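For reference, the chains in residue letters:
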Amino acid sequence: MHLMYFTEQPMSAYSEQAGRDFGATALMFSNKHFDPVAGSRLYNNYIEQYMLAEEVGVDGIMLNEHHNAPFCMQAKANIFAAILAGMTKKVKIVMLGNPLPLAENPIRLAEELAMIDMISKGRLVSGFVRGGGQEQLATGVNPAFNRERFEEAHELIVQAWTRTGPFRFEGTHYQHRVVNPWAVPLQKPYPRVWIPGVISKETIVWAAQQRYPYIALNTSIEQTKKIWELYDQVALQSGYVGGPENRGYLIQVHVSDNEEKAIENARQFRWMQGEFTGLAHPVWSTPSGYGSPTNRRAFVEFAAGRAINPRGNTSFEQQMADLRIIAGTPKTVVAKLKRILEETRPGILALWGNDGKVSQEDSLTCIRLIGQEVFPAIREIAKSLDLKSPFESNAPVHLKYSTDLKPATAAAE
Amino acid sequence: MAPADLSHLVLVGRHGHQAAAGRHPRPRRHRLHVDYARAGFHDQKAFDRVYGAEPSVDQLEMWDICREMSFRIAWKPYMYSQTLPHLLGAVRAPALVVWGDDDKVVPQSAGKRYAKALPNAKLEIVKASGHCVDMEQPEALAKLVTNFIGRE
């Protein structure tokens, strides 16, 4: 199993009341509330957290990217990936992920990621995402072409990494007369690509068609099982059998040396007014054309206030009961994670350890306990459940590099 | 453009020109569908007559589809063309430019720009009308258009 540490890198130093008064904490909440002095302190805190995470033996550090987002200070995931490439020695740098549609020039992304892979001596996992709805608006990118841009940018980046240049690329959204980057990845055929997501069916299907691991982001046990059901179905149609090496799971877990403090700190997972990506007006989080056409009707009903949020908005207590948030001492946490592993069987697990206003001291304690007590226990459980990571099972980087493909009916048998 | 193909040109509350400096209406992508639709009317009772006080979910869905299509064809620059001002001078047909006096979607300054750029144009302002002149003041618009076509 591949075990990772994650933080959203929250910009927690702004007036929560100002956010509540405005009614949103994504996209349009004014950056007059962003204090770069606090920003500088927080960025350096997160670097300290990552260095400790490596020291205590986590396998990977998960990074992400959001824009106009008080809940996430990573306005450019490649920046932190580059920092970690230079400062760390062993951990995988797992980007989950670069929002491809936001790139007006995917070749530049391909170059940056190749540099990160080389500088880190081959420790990059280059995940890709579509980016949230508000990300499209924050960066001036057309939300109606989000999925097309995602798939075409992916194709262009993989070609830039694997095809001998110079060559020309004339796509629908990206046109390049010369593709000939003098920065190619160290890992061959190219760095592993993992695809994080929540419930978008199209993304799950696409990931399975590529044979890229899908990383379920904080979904419930039942939702996660449905994701794997769909993934495995598409895997069979594509000629292989899906397994733990194709599955990843991110969960909010705060560990402390006493239960009460753990629970108190875990409440900070809800500091973004209960929303996973900050509170946003529905037309910002799902601009027209961004969502799946099959969800359009449900969305407009919700946006008009005539239906409940299809993503739900459950209380902290309910989320604890549902194991969407886990908090406690290492012993408590391991027992609950064991159930998650038994039910959802991932080969990749990321613990989102700290959020909101959790102090640096408590955050570092959480990381230390994760690395020194929780993860060793989880590794033993994973071994007993035969939950192998893509590295351990030497899974192909992409479907086209598979050596075990069978016709769809044979795979199904 | 094919200047000789048109005998008459009528523009009603038309996008296409960059909004006058200092006056950029809040883009539709930031507004709820029904709020944007309501913003097109001067008198909310007129909106209610056309769409009902609570538009149906079918209507909301249709607005979302329309918004998606406007994104697909007019995302960047948003709802205006940088080449259009240079082409308008070649229009040969007489032009009627109609604007609602309370257009909150496309400011009157855009109407004035059209009227100035088109070689043979007249600007008419319709009272008590928002952006959706055809739906809010249909008789006033019809009279302007028929007079324009008859006169020219």
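Look up: the structure comes first, before these words.
Residues numbered from 1 in each chain as written. Chains lettered and ligands numbered in written order. Predicted model: local features only at pLDDT ≥ 70, side-chain atom pairs only at ≥ 80, totals over all residues. Heavy atoms only, no water.

## Describing the pairing of strand β4 (residues 124–129) of chain A
Residue and element names in this part refer to chain A.
Okay, step 1: The element β4 is largely enclosed, with a buried count of six among its six residues.
Okay, step 2: Every second residue of β4 is oriented toward a common face, with L124, S126 and F128 on one face and V125, G127 and V129 on the other, all of them buried.
Okay, step 3: Here five bridges tie strand β3 (residues 92–99) to β4, and the two strands are oriented parallel to one another. Across the sheet, residue I93 finds its bridge partner in β4, namely L124.
Okay, step 4: What joins β3 to β4 is helix α4 (residues 106–119), and the crossover it makes is right-handed. (Buried < 20%, exposed > 50% of the residue type's maximum accessible area, 1.4 Å probe, protein only. Helix = DSSP H or I, 4+ residues; strand = E, 2+ residues; numbered from the N terminus. Pairing = 2+ DSSP bridges. Right-handed = clockwise from strand over helix to strand, strands pointing away.)

## Some thoughts on the sheet that holds strand β3 (residues 121–126) of chain B
Residues and elements named next belong to chain B.
Okay, step 1: Spatially, the three strands line up as an open sheet ordered β1-β2-β3, and their pairing is parallel. A single partner strand is all that each edge strand has here, and the edge strands are β1 (9–12) and β3. Shown here is a sheet whose adjacent strand axes are inclined to one another by a mean of 20 degrees, direction ignored.
Okay, step 2: Sheet topology note: the β1/strand β2 (residues 95–100) ladder contains four bridges and is parallel. By the bridge assignment, V10 is partnered in β2 with L96.
Okay, step 3: Of the strands in this sheet, β1, β2 and β3 touch helix α5 (residues 108–117), which is tilted by about 170 degrees from β2.
Okay, step 4: Across the face of the sheet, helix α7 (residues 138–151) comes into contact with β1, β2 and β3 while running at roughly 170 degrees to β2. (Axes fitted to C-alpha atoms, helices over the stretch in contact; angles between N-to-C directions. Contact = heavy atoms within 4.5 Å.)

## A look at the packing of helix α11 (residues 296–303) of chain A against helix α3 (residues 57–74) of chain B
Okay, step 1: Running from N to C, α11 of chain A and α3 of chain B point in directions that differ by 105 degrees, and their axes come no closer than 9 Å. In terms of axis orientation, α11 of chain A runs roughly perpendicular to α3 of chain B. The residues of α3 of chain B that touch α11 of chain A, namely those facing R296, R297, F299, V300 and E301 of chain A, are V57, D58, L60, E61, D64, I65 and E68 of chain B. (Parallel < 35°, antiparallel > 145°, perpendicular 65-115°, else oblique.)

## Some thoughts on the interface of chain B and chain A
Okay, step 1: Facing the 21 residues of chain B at the interface are 25 residues of chain A.
Okay, step 2: Between chain B and chain A, the buried area comes to about 2100 Å², and carbon and sulfur atoms account for 57% of it.
Okay, step 3: If you look at where chain B meets chain A, you find seven salt bridges.
Okay, step 4: In this structure, the connection of chain B to chain A is made through 10 residue pairs in polar contact (both at pLDDT 80 or more).
Okay, step 5: Considering every element that reaches the side of chain B that touches chain A, the biggest residue donor is α3 of chain B, with 10 residues.
Okay, step 6: A class-by-class count of the residues in the side of chain B that touches chain A yields seven nonpolar, three polar and 11 charged. (Buried area = accessible area lost by both parts, 1.4 Å probe. Salt bridge = Lys/Arg side-chain N within 4 Å of Asp/Glu carboxyl O. Polar contact = N/O pair within 3.5 Å; in protein donor to acceptor, adjacent residues only side chain to side chain. Nonpolar A, V, L, I, M, F, W, Y, C, P; charged D, E, K, R; others polar.)

## So, the packing of helix α3 (residues 77–87) of chain A against α4 of chain A
Residues and elements named next belong to chain A.
Okay, step 1: Interhelical geometry of α3 versus α4 gives an angle of 20 degrees and a closest axis separation of 8 Å. The orientation of α3 relative to α4 falls into the category roughly parallel. Remark: the crossing between α3 and α4 carries left-handed chirality. From α3, N78, A81, A82, A85 and G86 reach across to α4, where they touch L109, E112, L113, I116 and I119. (Left-handed = near helix turned anticlockwise from the far one by under 90°.)

## Things to note about the pattern of salt bridges
Okay, step 1: Throughout the structure, instances matching the rule amount to 25 salt bridges over all chains.
Okay, step 2: A salt bridge links D232 of chain A to R247 of chain A, with the shortest nitrogen-to-oxygen separation between them at 2.8 Å. With a gap of 15 residues between them, D232 of chain A in helix α8 (residues 221–238) and R247 of chain A in strand β9 (residues 247–255) connect regions that are remote in the sequence.
Okay, step 3: The partner of E124 of chain B in a salt bridge is K122 of chain B, with the nearest N and O atoms 3.4 Å apart.
Okay, step 4: On the basis of relative accessibility, which here comes to 22%, the residue E124 of chain B falls in the partly exposed class.
Okay, step 5: On the basis of relative accessible area, K122 of chain B is assigned to the partly exposed category, the value being 43%.
Okay, step 6: A single salt-bridge network, built from bridges that share partners, covers E148 and R296 of chain A together with D64, E68 and R72 of chain B.

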